Amino acid sequence: QQQVKQSPQSLIVQKGGISIINCAYENTAFDYFPWYQQFPGKGPALLIAIRPDVSEKKEGRFTISFNKSAKQFSLHIMDSQPGDSATYFCAASMNNQGGKLIFGQGTELSVKP
Amino acid sequence: GAVVSQHPSRVICKSGTSVKIECRSLDFQATTMFWYRQFPKQSLMLMATSNEGSKATYEQGVEKDKFLINHASLTLSTLTVTSAHPEDSSFYICSASGTPPNEQFFGPGTRLTVL
């Protein structure tokens, strides 16, 4: 019930295309859903995050869509660029657990020029 | 976002030695710090959670006597890998959060290689 399932494991997108990564969770007590971007040999960097009281959040080319009833959330990267090539992790946490993050398995995105 | 640093960025040590990794929050007070390890092509695995001035809470399967965590101040936490062995070779990453606790900021990671 604590798991967050992420798909796909890897994704290849052409430059200018839309990259879509999906995550699903079981525990309805989760109240914070961040996405992290990680480049090889670096720590993850917070990209965008959403709370369950909104269905969508957009920051620049990055959008989170959140479906509370389906217990799913997704990351959309518009106009994907080669510089977006990285591993992306979704995560979920509960405020009453001190912010402990449960991570998805990760998606390796490759944007081809 | 807030800045978290780690030192060293890379360390190579001989089997049986101990290694200390520092994690600092540079521009905010971190009430909670987290330590993760990450193997190649895998997700982050939480090792322990530490609150300033308290004993760390270790995840199931993580040996507390092998991975010593100290969170002595609101800006510094240390992870000491005691009697390191080659299987401890990994990428160790810390993160820090303030108030509210949800948002975590990650350090750049420390690559540990045990020969």
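In the block above lies the structure referred to throughout.
Source: prediction; values computed, not measured.

Asks: Go over the nonpolar core with me, naming the residues and quoting the values.
Replies: Among the nonpolar cores identified, the biggest contains 26 residues, and A:Val4, A:Phe30, A:Phe33, A:Trp35, A:Phe73, A:Leu75 and A:Tyr88 are the most heavily contacted of them. Elements with a contribution of two residues or more to this core: β2 (10-14), β3 (19-25), β4 (33-38), β5 (45-50), β7 (62-67), β8 (72-77), β9 (86-93) and β11 (107-112) of chain A. The greatest single-element share of this core, amounting to four residues, is contributed by β9(A). Apart from the residues within four sequence positions on either side, A:Leu75 is in contact with A:Ser19, A:Ile20, A:Ile21, A:Trp35, A:Leu47, A:Ile48, A:Phe62, A:Thr63 and A:Tyr88. One finds B:Met33, B:Ala48, B:Val81 and B:Phe105 within the second-largest nonpolar core, a separate group that totals 25 residues.

Asks: Any details on the state of the cysteines? Residues and values, ideally.
Replies: Scanning the model with the defined rule gives two disulfides over all chains in all. Residue A:Cys23 pairs covalently with A:Cys90 via a disulfide, S to S 1.9 Å. The sign of the -95° torsion about the S-S bond sets the A:Cys23-A:Cys90 disulfide as left-handed. One end of the pair, A:Cys23, is in strand β3; the other, A:Cys90, is in strand β9, and 67 residues separate them in sequence. There is no split in this pair, since A:Cys23 and A:Cys90 are both buried. Paired by a disulfide, B:Cys23 and B:Cys94 hold their sulfur atoms 2.0 Å apart. Residues B:Cys23 and B:Cys94 are joined by a disulfide whose S-S torsion is about 80°; by sign, that bridge is right-handed. On the criterion of sequence distance, the pair formed by B:Cys23 in strand β3 (residues 19-25) and B:Cys94 in strand β9 (residues 90-97) is long-range, its members being 71 residues apart. The exposure class assigned to B:Cys23 is buried, which follows from its relative accessible area of 0%. Unpaired in terms of disulfides, B:Cys13 finds its nearest cysteine sulfur in B:Cys94, a separation of 18 Å.

Asks: So, the pairing of strand β7 (residues 67-73) of chain B: which residues are in play, and what are the values?
Replies: Residues and elements named next belong to chain B. The pairing of β7 with strand β8 (residues 76-81) spans five bridges and is classified as antiparallel. By the bridge assignment for β8, Phe67 is matched with Val81. Hairpin remark: β7 followed by β8, antiparallel, with two residues in the connecting loop.

Asks: I'd love a proper account of the layout of surface pockets, names of residues and values included.
Replies: Of the pockets and cavities examined, the largest pocket occupies roughly 520 Å³. In this structure, the largest pocket is lined by 25 residues; those nearest its centre are A:Thr87, A:Glu108, B:Pro40, B:Lys41 and B:Gln42. Those elements that place two or more of their residues in the lining of the largest pocket are β9 and β11 of chain A. In terms of residues, the lining of the largest pocket owes the most to one element, β11(A), which gives four residues. Among the residues forming the lining of the largest pocket, the class breakdown is eight nonpolar, 13 polar and four charged. Its boundaries defined by the atoms lining it, the second largest pocket holds a volume of some 240 Å³. Around the second largest pocket, the lining comprises 13 residues; the ones closest to its centre are A:Leu101, A:Ile102, B:Leu44, B:Met45 and B:Leu46. Only β10 (101-103) of chain A together with β5 (45-51) of chain B provide two or more residues apiece to the lining of the second largest pocket.

The rules behind each value
Residues numbered from 1 in each chain as written. Chains lettered and ligands numbered in written order. Predicted model: local features only at pLDDT ≥ 70, side-chain atom pairs only at ≥ 80, totals over all residues. Heavy atoms only, no water. Core = buried A, V, L, I, M, F, W, Y, C linked by side-chain atoms within 4.5 Å. Buried < 20%, exposed > 50% of the residue type's maximum accessible area, 1.4 Å probe, protein only. Helix = DSSP H or I, 4+ residues; strand = E, 2+ residues; numbered from the N terminus. Contact = heavy atoms within 4.5 Å. Disulfide = S-S within 2.5 Å. Pairing = 2+ DSSP bridges. 1 Å grid on protein atoms, 1.4 Å probe; cavity = no way out; pocket = protein on both sides within 12 Å on 5 of 7 lines; lining within 4 Å. Points joined across faces, edges and corners; volume = space filled by probe spheres on them. Nonpolar A, V, L, I, M, F, W, Y, C, P; charged D, E, K, R; others polar.

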